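# Report on the structure
Each chain, written out:
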Amino acid sequence: MRIVVCVKFVPDIQSDRQLGPDGRVVRDGGDGTLNELDENAVEAALALAEEHDGEVVVLTVGPDDAVDAVRKGLQMGADEAVHVLDDDVAGSDAIGTARVLAAAVRHLSADAPVDLVVTGMAGLDGLTSLLPTALAEELDLPALPLASSLTVDPDARTATVTRRLDHATETLTADLPALVSVTDGLNEPRYPNFKGIMAARKKPVTTLTLAELGVDPSTVGAAGARTRVLEAAPRPPREDRVLVTDTGDAGTRLAAWLVERKLV
Amino acid sequence: MTATPVLVLLDHAADGTLRPPVRELLTLARDLAGDAEVHGVWAGGEDVAAALPVLGAQGVTTVHRLVTDADPHLSSVLADGLQAALGASGASLLLLVSSFENKEAAARLAVRTGAGVVTDADGVTLQEGQVVAHKTVLAGTWTTRCAVTAPSAVVTVKANSVAAQDAAVPSDPRVVDLPVAVAPSSTRVRVVERTEHAASGRPDLGSAHVVVVGGRGTEGDFAPVEELADVLGGAVGATRVATDEGWIGHDAQIGQTGVTVSPRLYIGAGVSGAVHHRGGMQASGTIVAVNSDPDAPIFEIADFGVVGDLFTVLPQAAAELRRLQG
Ligand SMILES: Cc1cc2nc3c(=O)[nH]c(=O)nc-3n(C[C@H](O)[C@H](O)[C@H](O)COP(=O)(O)OP(=O)(O)OC[C@H]3O[C@@H](n4cnc5c(N)ncnc54)[C@H](O)[C@@H]3O)c2cc1C
C-alpha cells in the first residue's frame, strides 16, 4: 500500500504569531514547525504501512524552511519526501494549495499507484479545514474527513472512518484510493528516536517546481487566489479588566458584575 | 453584487426546526441583499413546514428544496445541491453556518465553481460591490478583513456574529422543488451509520450565547458548572482533559480540535487556558475565569478573573444570580 501524507510547515502555536502587512502569516520567525495536527496524519500513515506492508511518502508545499516539516516526517519513519518549492506558490489560499498538492500526488502516482492520501484535520495557522475536501475534489477521490478512528481492509480495498460532528457521529466507508483527514483524537504520534533521526539524513527529499508538475502559475499563489486580505491588525487588548482574589464574596461580586454588564 | 439574491443554507434538526444561527445568517443576508431577495436552500427529506414561520418572519422569498435520492449528509451531494441552488436562485453569494460539514461542502464548491471562500467569518459587508468577510484569526489575537475577488462568494459565518432580527415586512415564502443531478462520483462514500447526538435540554454549544466550561479543576464534578450554566440559560463545555477523562462527552470539548465557540459570555472554571483551548474560545465577547492559581494563563485574556476555588465561587454566583433574578 502506498500512502501520501500532506503536511504543512506553520509557526509554532506556542510562539507569538503575527500577520504581515499583506495579511499572510509571517513564516520566517525561525520558530516554524511541522503542523502539530499533521503529526497525527503521519502517525496514521506509518501505522497503516506497518500493518499492511506499505510505504509512506510525506509531501509539502511551501518556502525553503518548509523542508523541515517533511524532514520531521522522515524522522518519524516515512520512506520518502517531496517538497514543492516555487516562488509562484507564495500567497496561495487553501484552494490553490490543494491544486498544487493534487498535481504532486498525480506526479507520484505516475511512479506507482497511490492508495491513500492522508492529511491533518486543519492547519493550525489558518484553521480553515478547507484543504482536505478541496484536495479530494481536485483529485476526484472519495473523502473521509475528520477521522477519529480509521481502518483499512486491504483485501476489500476499502477505508472506514468514524467521525464526530456537532450534532451527529458518523461511520463512513469508501473504496480505495481515497482521501482521509485525521483528528488529534485518532492516535498518539510517535517521537522520532535517535535511529530515526540518523536514518532520515540518508533519505531523499525530492524538490519539484510548478513547471515540473505542469501547474499553470497563474492559477495558484497570490495570482490565483480568490480572496485578498485588505487589512490585518492585532486585536486591541481587553479593557476595564477586573481581577479579584476570593475573600468569601467573589461569587456575589461576579454575579453583580454580570448583571451590571447586562450579560444576564 | 448587490443586485443578485443572497442564498442561505437552512441548517435544521431532524425534526425540521431551524438551527438558531440560521436566523442570524438570514438577518445578515437581508442586509447584504439590499433590494434583491433572500433565498434559502433546504437539504434533506425533513418537512420544511415547521421552518416556514421563521423564514417568513425573516423575509425569505423562495426556498429551494433539494430533491435527490442521494444522502445530503454527504458533502459531495450537498455541494451538488448547493451548486444547483446557486444556479436556480441567481445568487452570487452563499452564506452557511460555520460547521465542519458546511466547510466541506464550501471547499468543494470553490473547486467546482471558482468561487472564493472565507470560513469562520464574524461579519460580512459589501465594499465597492465586493464581498468583504471579517474574521478573527490566530486564536483570537488578530482581526482581518478579507475581500472575495472571484465573481461568486461562499462564506461560512460563526454563530453569534450577528444579532438576529425579523424583517420589517414579513414574507410568504415560496417552496420550489429543485431536482439535483447528483454526479456518480458524489455517492462513492457510503454512510454505514449515523447517530444523532441526544439533545441535552440545554442550548447548542456551538451557538449558545452563554457557555460555562469546566476543566481539570472540577476533578470530574461538573455539578457547579451545570448549575451556573442553567441559571444563565447557557451551554456546558469542557477542556480536552475533562473529555479525555470521560467526565463529560467528547462533543463538549472546546478548542482548536473541538468546538469553536464565540458566545457573548464565556465562563471557564478550573481551566488553565492552554493555547489549544484558547484557539476555540478566545474570540468570545466577554471572558470570565475562575481559577485557584493566580498565574493561570487564562487570566491574561479574562475580562473578569476570580482567583479562588470554583466549588465555592460558582455556587455563590449562581445563588446570587437567582436572588437578583427574583
Ligand atoms: C494537539 C493537541 C490538541 C489539543 N486540543 C485541545 C482542545 O481542542 N481543547 C482543549 O481544551 N485542550 C486541547 N489540548 C490540551 C491542552 O493543551 C491542555 O492540556 C488542556 O486544555 C488543559 O485543560 P485544563 O485547563 O482543564 O487542565 P489544566 O491545564 O490541568 O488546568 C486545570 C486548572 O484548574 C485549576 N484548578 C484546579 N483546582 C481548582 C479549583 N478547585 N478551583 C479553581 N481552579 C482549580 C488549576 O489551577 C489549573 O489552572 C490539546 C493538546 C494537544 C497536544
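Details of the structure are given in the entry above.
Residues numbered from 1 in each chain as written. Chains lettered and ligands numbered in written order. Predicted model: local features only at pLDDT ≥ 70, side-chain atom pairs only at ≥ 80, totals over all residues. Heavy atoms only, no water.

What follows concerns the overall build of chain A. Tallying secondary structure elements over chain A gives eight helices and 14 strands in all. Across its three principal axes, chain A shows a C-alpha extent of roughly 70 × 40 × 40 Å. When each of the 264 residues of chain A is scored for burial, the buried share is 52%. Expressed as a percentage of contacts within chain A between residues at least 6 apart in sequence, the contacts between residues at least 24 apart total 70%. Summing over all exposed atoms, chain A offers an accessible surface of approximately 11400 Å²; the carbon and sulfur share of this is 48%. Of the side chains in chain A, 25 bear a positive and 43 a negative charge, and the two mean positions are spaced by 4 Å. (Helix = DSSP H or I, 4+ residues; strand = E, 2+ residues; numbered from the N terminus. Buried < 20%, exposed > 50% of the residue type's maximum accessible area, 1.4 Å probe, protein only. Contact = heavy atoms within 4.5 Å. Areas by Shrake-Rupley, 256 points an atom, 1.4 Å probe, with all protein chains shown as cover. Lys, Arg positive; Asp, Glu negative; His and termini not counted. Charge placed at Lys NZ, Arg CZ, Asp CG, Glu CD.)

Next up on the list: the overall build of chain B. A tally of regular secondary structure across chain B gives eight helices and 16 strands. The C-alpha radius of gyration of chain B comes to 21 Å, within 12% of the 20 Å expected for a compact globule of 326 residues. In chain B, which comprises 326 residues, the share counted as buried stands at 58%. Taking all contacts inside chain B whose residues are at least 6 apart in sequence as the whole, residues at least 24 apart take part in 66%. Carbon and sulfur atoms make up 50% of the accessible area of chain B, which amounts to about 12000 Å² in all. (Rg over C-alpha atoms; globule rule 2.2 N^0.38 Å.)

On to the site of the ligand, then. Close to the ligand lie 27 residues; R216, T239, Q253, S272 and N291 of chain B are nearest. Near the ligand, residues from chains A and B are present, making the site a shared one. At 3.3 Å from an oxygen atom of the ligand is found a main-chain nitrogen or oxygen belonging to Q256 of chain B. A distance of 3.2 Å separates a nitrogen atom of the ligand from a polar atom in the backbone of S292 of chain B. Of all the secondary-structure elements, those providing two or more residues to the shell around the ligand are α6 (240–244), α7 (275–278) and α8 (310–325) of chain B. Considered class by class, the residues forming the shell around the ligand number six nonpolar, 15 polar and six charged. (Near = heavy atom within 4 Å. Polar contact = N/O pair within 3.5 Å; in protein donor to acceptor, adjacent residues only side chain to side chain. Nonpolar A, V, L, I, M, F, W, Y, C, P; charged D, E, K, R; others polar.)

Right, let's talk about the sheet that holds strand β5 (residues 116–121) of chain B for a bit. Residues and elements named next belong to chain B. Sheet architecture is open: seven strands sit in the order β5-β9-β4-β1-β2-β3-β10, paired in parallel fashion. With partners counted over all chains shown, the strands left at the sheet margins are β5 and β10 (174–179), one partner each. When strand polarity is set aside, the average angle formed by the axes of neighbouring strands in this sheet is 25°. Across five bridges, the pairing between strand β4 (residues 93–97) and strand β9 (residues 153–157) is parallel. Paired with L93 across the strands is A153, a residue of β9. Lying over the sheet, helix α1 (residues 20–33) contacts β1 (6–9), β2 (38–42), β4 and β9, oriented at roughly 160° with respect to β4. (Pairing = 2+ DSSP bridges. Axes fitted to C-alpha atoms, helices over the stretch in contact; angles between N-to-C directions.)

Let us now look at the interface of chain A and chain B. Each partner contributes to the interface: chain A provides 76 residues, whereas chain B provides 88 residues. With both sides pooled, the region where chain A packs onto chain B buries about 7300 Å², and carbon together with sulfur makes up 57% of that total. When the buried area of chain A at its contact with chain B is split by residue, H167, R226 and R238 of chain A rank highest and sum to 10% of it. Our enumeration of links across chain A and chain B arrives at nine salt bridges. In this assembly, chain A and chain B are joined by 43 residue pairs in polar contact (both at pLDDT 80 or more). Elements supplying a minimum of two residues to the side of chain A that touches chain B: α1 (36–52), α4 (131–139), β7 (143–147), β9 (158–164), β10 (168–175), β13 (227–234), β14 (242–245) and α8 (250–260) of chain A. (Buried area = accessible area lost by both parts, 1.4 Å probe. Salt bridge = Lys/Arg side-chain N within 4 Å of Asp/Glu carboxyl O.)

To continue, consider unusual backbone geometry. The step from L176 of chain A to P177 of chain A runs through a cis peptide bond, and the omega angle for that step is 0°. For P177 of chain A, the position within the fold is in the loop between β10 and β11 (178–182). Positioned with a positive phi, D120 of chain B is a non-glycine residue whose angle comes to about 55°. Take D120 of chain B: it is sitting in strand β5. For E219 of chain B, which is not glycine, the phi torsion reads 50° and is therefore positive. Note that E219 of chain B resides in the loop between β12 (210–214) and α5 (223–232).

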